[in-house]
Amino acid sequence: MTRRLVTCLVALGLALTSCSVLNREGPAVTCDDLHYGAINACQDGIIASCLHGKVTYTLCDADACDESFQVPGAYRCAPELEKPPSDEPMPL
Amino acid sequence: MNWLNVAGFSCAVGCAPVGLGPPKTLDAPLSHRTGEVPYGLGTVAKLEQQGSLVKVSAYRRCKLVEQTVMRRTVTRERVNLAPELDWALGATGAALAVSGVVVLVDSGSVYESNIDSRTYNPVGPSNARVIGGTLVAAGLGLAAVALVDQARASGFQQHTEAVAVDGKTLDDRVPCSQSVIAEADIALAFGAGEPSFVGRTGKNGVLTFEPDAFIPQALEVGPDGKLTILVDEAPVGELSTAALYAQREARAYAALDAKLCTEPSRVDACAGWQAFLARYPAGIHAAAARDILVAAEPGLVALRDKAAWATVEQQIPVCKAQKTLVTLDAACKPLRDYQATYPSGVGREPVTKALESIAQKRLALEKKKVRCTAACLQACERGSDPVTCAAACDTKCTE
């Protein structure tokens, strides 16, 4: 019992003191995956877009990908923001 | 910034108070001796007689005890008087240091804080290292305080000294040789008389005085008497009067004139010598005084004879003029006394002649008395008391 408690406390301490818990990774995609700008992708609050044949990333809030206003393939950091820049118009 | 100052400041803020634990004593006997130990209240005096002077040394009272000299080792361990503070500091410091290490190790896994990158961490690896380092430093700092306290509270304080442990008491009234009494009142008493204040001891606790100055000259002091010394009204000892007696005897002897006595011009020329002998019969000059009186005796006898003859010479005609037996015997008694005292005195011949003539006169008076008495008794009435009659006749015939 005591060992478990100590283990939990150590784990909690490590979790609290590890900066890597704040690491965020955007989607690992290519322009091909994004249809060369036709769609974008979102993961961990980072939106991946294809601009001029190159994948670019936009940092949003950590839980931005799961917001209710999000539309798959047309992710935005905030509802009022313009769609992410792209070479081609996004499909409706 | 000076690290020493930082450490000092840290310690001033966080260091626990360090004190000493209970003493542990270890005794090892070295030697034995006798020693003085202050004992109660009271005064003990040393009295010394140097000729006619008396030296009084006043001391506090001590007792003389057997002592064992010990080598005493007293050990006191240093102890942390507030260990809970160090426990808190140490635990907090350890937690911070471990956390700092974890942050440092973890900093290798922290992504850059580049907003244009696929990976992102708001802290970034360099900041994580700074945080980790800071935490480690802070933890070590706090732990250092606890460690310093641990070092401060380790070890012991020890000192060794030689101490004397008292044992059996040998005498409970001895002078404390290292503790004299200054300004002590010294008084002197002779016999049952009132004490006379003599003076006060000096800073060295000593007063020297001459008893002769404090005992009235008129007081007869014998050689076997006692002088009582009082310190602060308490009797502390007695001295023999022998020295005072000898001093006064010598002074009285020196004041007498031997020639006045041995070549007397008056009957009382040796009265002083006689008084001296009466007062100092056991003095060292008593024999000399007796010799002087013996030598003076013939001269004194001659003077007394002369004086006695001057009185007796005037008594001779008075003696001869008496006409009854009673008055004759009374008036002539000085002549008979003189003859008995001075059988070869200056008035020997006139006194002898006077007494011879008086003897004849007395014989005639006695015969007359016998005749008178016989006639008187015959004349007594018959039947009267013979005793009363005889008494009446004796009275009648004596006149």
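Cut-offs used in this document
- Residues numbered from 1 in each chain as written.
- Chains lettered and ligands numbered in written order.
- Predicted model: local features only at pLDDT ≥ 70, side-chain atom pairs only at ≥ 80, totals over all residues.
- Helix = DSSP H or I, 4+ residues; strand = E, 2+ residues; numbered from the N terminus.
- Buried ≥ 20, exposed ≤ 12 C-beta atoms within 10 Å, placed from the backbone.
- Contact = placed C-beta atoms within 7 Å.
- Axes fitted to C-alpha atoms, helices over the stretch in contact; angles between N-to-C directions.
- Parallel < 35°, antiparallel > 145°, perpendicular 65-115°, else oblique.
- Left-handed = near helix turned anticlockwise from the far one by under 90°.
- Nonpolar A, V, L, I, M, F, W, Y, C, P; charged D, E, K, R; others polar.
- Pairing = 2+ DSSP bridges.
- pLDDT = per-residue confidence, 0-100.
- Core = buried A, V, L, I, M, F, W, Y, C linked by C-beta atoms within 7 Å.

A.B. asks: In this structure, what is going on with the overall build of chain A? I would like to understand it.
C.D. replies: Regarding its fold elements, chain A presents one helix and four strands. Put simply, chain A runs from its N terminus to its C terminus through helices and strands in the order α-β-β-β-β. Buried residues in chain A amount to 28% of all 92 residues. Looking at chain A alone, contacts between residues at least 24 apart form 34% of all its contacts between residues at least 6 apart.

A.B. asks: Where do I start with the packing of helix α7 (residues 286-320) of chain B against helix α9 (residues 348-379) of chain B in this structure?
C.D. replies: Each packed pair of helices is defined by two parameters, the angle between the axes and the distance between the axes. Residues and elements named next belong to chain B. It is the contact of α7 with α9, at a shortest axis distance of 11 Å, that shows an interaxial angle of 15 degrees. By the angle between their axes, α7 is roughly parallel relative to α9. The two elements α7 and α9 cross, and the hand of that crossing is left-handed. Judged by residue contacts, Val 312, Ile 316, Cys 319 and Lys 320 of α7 engage Pro 350, Val 351, Ala 354 and Ile 358 from α9. Of the residues in the contact of α7 with α9, the class split is seven nonpolar, no polar and one charged.

A.B. asks: Please clarify how the pairing of strand β7 (residues 196-200) of chain B should be interpreted in this entry.
C.D. replies: The two faces of a sheet get side chains in turn, since along a regular strand they alternate between them. Residues and elements named next belong to chain B. Bridging between strand β6 (residues 185-190) and β7 involves four bridges; their strand directions are antiparallel. Paired with Ile 186 across the two strands is Gly 199, which belongs to β7. Hairpin connection between β6 and β7: a loop of five residues separates the two successive antiparallel strands, and Gly 191 in this loop has a positive phi of roughly 60 degrees.

A.B. asks: Hey, could you run me through the interface of chain A and chain B in this one?
C.D. replies: On the side of chain B, 18 residues touch chain A, which itself brings 15 residues to the contact. At the level of elements, α1 (2-17), β1 (24-25) and β4 (54-59) of chain A are the ones that each hand at least two residues to the side of chain A that touches chain B. Examining the composition of the side of chain A that touches chain B, we find that three residues originate from one element, α1 of chain A, more than from any other. Inspection of the sheet shows β1 of chain A paired to strand β4 (residues 119-120) of chain B by two bridges, in the antiparallel sense. Bridge pairing in β4 of chain B links Arg 24 of chain A to Tyr 120 of chain B.

A.B. asks: Which parts of the structure should I look at to understand the sheet that holds strand β10 (residues 234-240) of chain B?
C.D. replies: Within a beta sheet, neighbouring strands are joined by backbone hydrogen bonds and run either parallel or antiparallel to one another. Residues and elements named next belong to chain B. The four strands lie next to each other as β7-β6-β9-β10, forming an open sheet whose pairing is antiparallel. Two strands lie at the open edges of the sheet, namely β7 and β10, each paired on one side alone. When strand polarity is set aside, the average angle formed by the axes of neighbouring strands in this sheet is 25 degrees. As paired strands, β6 and strand β9 (residues 226-231) are joined by five bridges and run antiparallel to one another. Counted as the bridge partner of Phe 190 is Leu 227 from β9.

A.B. asks: Is there a simple way to explain the confidence of the model for chain B in this structure?
C.D. replies: Interpretation of the predicted coordinates at a detailed level should be avoided for regions scoring low in pLDDT. Taken over all residues, the pLDDT of chain B has a mean of 89, while the share at 70 or more is 96%. On the interface metric, ipTM, the complex scores 0.78, and its pTM is 0.51.

A.B. asks: Would you mind going over the environment of Val 163 of chain B with me for this structure?
C.D. replies: Residue and element names in this part refer to chain B. By the secondary structure assignment, Val 163 is in strand β5 (residues 156-180). Judged by C-beta crowding, with 14 C-beta atoms within 10 Å, Val 163 ranks as partly exposed. Residues Val 163 and Gln 67, 96 residues apart in the sequence, show an inter-C-alpha distance of 9.4 Å. If near-sequence neighbours (up to four positions away) are discounted, Val 163 is found in contact with Met 70 and Arg 72.

A.B. asks: Is there a simple way to explain unusual backbone geometry in this structure?
C.D. replies: Trans is the common state for peptide bonds, and a negative phi is the common state for residues other than glycine. The phi torsion at His 52 of chain A lies on the positive side, around 55 degrees, for a residue other than glycine. Counting through the fold element by element, His 52 of chain A comes out in the loop between β3 (46-51) and β4. Although it is not a glycine, Glu 233 of chain B sits at a positive phi angle of roughly 70 degrees. Within the secondary structure, Glu 233 of chain B sits in the loop between β9 and β10. Glu 233 of chain B sits in the exposed class, given 9 other C-beta atoms within 10 Å.

A.B. asks: How should I be thinking about the nonpolar core in this particular structure?
C.D. replies: The nonpolar side chains of a soluble globular protein tend to be buried, and buried together. Residues Ile 46, Ile 47, Ala 48 and Cys 60 of chain A are the most contacted members of the largest nonpolar core, which totals 33 residues. Breaking this core down by element, the ones donating at least two residues are β2 (41-43), β3 and β4 of chain A together with α2 (83-106) and α3 (125-152) of chain B. Take this core: its biggest share by element is six residues, from α3 of chain B. Each residue touching Cys 60 of chain A, except ones within four places of it in the same chain, is listed here: Gly 45, Ile 46, Ile 47 and Cys 77 of chain A.

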